[in-house]
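Breakdown of the fold
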Amino acid sequence: MEKYHEQLTQVFRKVFEDNTIEIARSTTATDIDQWDSITHLELITATEEAFNIEITGFDVMGLKNVGDLLDLITRKLEA
């Protein structure tokens, strides 16, 4: 299991107000009905706050799925 997976799962549950959400590395916006451009911004902001990191626009452009986000979190926290 990913080092930060559970914490990120809690971020998703908070942003989407759904305690049943389960995320996988392959999860994308098409997998979560409520995931639109507004919730995407909320998700990035909530992730920054939860992990105390800064995610740039350039970082966001490189994200294709939750696995990419987990990898980004890991890089920023363990750099």
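As a reminder, the structure under discussion sits directly above these lines.
First things first, this report covers the structure right here in the doc. One numbering rule holds for all chains: residues counted from 1, following each sequence as written. Side-chain atom pairs in this predicted model are given and counted only at pLDDT of 80 or more, local residue features only at pLDDT of at least 70, and totals for whole chains, interfaces and linings cover all residues. To get the side-chain values, all heavy atoms of the structure are used, and hydrogens and water are removed first.

Section: the overall build of the chain
Definition in use: Helical segments are the DSSP runs of H or I of at least four residues, strand segments are the runs of E of at least two, and each set is numbered from the N terminus. Our radius of gyration looks at C-alpha atoms and nothing else; its globule reference is 2.2 Å times the residue count to the power 0.38. Accessible area is worked out with a 1.4 Å probe on protein chains only. A residue is then buried under 20% of its type maximum, exposed over 50%, and partly exposed in between. Shrake-Rupley sampling with a 1.4 Å probe provides the accessible areas, and residues are treated as covered by the protein chains on show and by no other component. We count Lys and Arg on the positive side and Asp and Glu on the negative side, and we leave His and both chain ends out. Working definition for charges: the position is that of NZ of Lys, CZ of Arg, CG of Asp or CD of Glu.
Of the regular secondary structure elements, the chain holds 4 helices and 0 strands. Mapped in sequence order, the helices and strands of the chain form the string α-α-α-α. Over its C-alpha atoms the chain spans a radius of gyration of 11 Å, differing by no more than 12% from the 12 Å that the globule rule assigns to 79 residues. Expressed as lengths along the three principal axes of its C-alpha atoms, the size of the chain is roughly 35 × 25 × 20 Å. In the chain, buried positions account for 39% of the 79 residues. Accessible surface for the chain amounts to roughly 5000 Å². Of this, 51% is attributable to carbon and sulfur atoms. Averaging the coordinates of the 7 positive side-chain charges in the chain and doing the same for the 16 negative ones gives two points 7 Å apart.

So, helix 4 (residues 66–78)
Heads up, the condition is: Any helix carries an expected span of 1.5 Å times its number of residues minus one. Residue contacts are counted whenever heavy atoms from the two residues lie within 4.5 Å of one another. Between N or O atoms, a polar contact is any pair within 3.5 Å; within protein, one atom must be a potential hydrogen donor and the other a potential acceptor, and residues adjacent in sequence are included only when both atoms are from side chains.
An ideal rise of 1.5 Å per residue puts 18 Å on 13 residues; helix 4 measures up with 18 Å between its terminal C-alpha atoms. Among all positions of helix 4, only Val66, Gly67, Leu69, Leu70, Leu72 and Ile73 are buried. For helix 4, the elements touching its buried residues are helix 1 (5–15), helix 2 (37–51) and helix 3 (57–61). The residue sitting at the N-terminus of helix 4 and contributing the capping side-chain oxygen is Asn65; that oxygen lies 3.0 Å from the backbone nitrogen of Gly67.

A look at the nonpolar core
What counts is decided by this rule: What makes a nonpolar core is a set of buried Ala, Val, Leu, Ile, Met, Phe, Trp, Tyr and Cys residues whose side-chain atoms join them at distances within 4.5 Å.
With 22 residues, the main nonpolar core has Leu8, Phe12, Phe16, Leu43, Leu69 and Ile73 as its most contacted residues. For this core, the secondary-structure elements that each account for two or more residues are helix 1, helix 2 and helix 4. With 5 residues, helix 4 is the largest single contributor of residues to this core. Once residues within four sequence positions are removed from consideration, Phe16 is found in contact with Ile21, Ile32, Gln34, Trp35, Thr39 and Leu43.

Some details on the side chain of His5
Among the secondary structure elements, His5 is positioned in helix 1. Among all residues touching His5, those that are not within four sequence positions of it are Ile23, Ala24 and Leu70.

Considerations on helix 1
Of all the positions in helix 1, only His5, Leu8, Thr9, Val11, Phe12, Arg13 and Val15 are classed as buried. Structurally, helix 1 contributes buried residues whose contacts are with helix 2 and helix 4. Following helix 1 by one or two positions, Glu17 has its phi on the positive side, about 50°.

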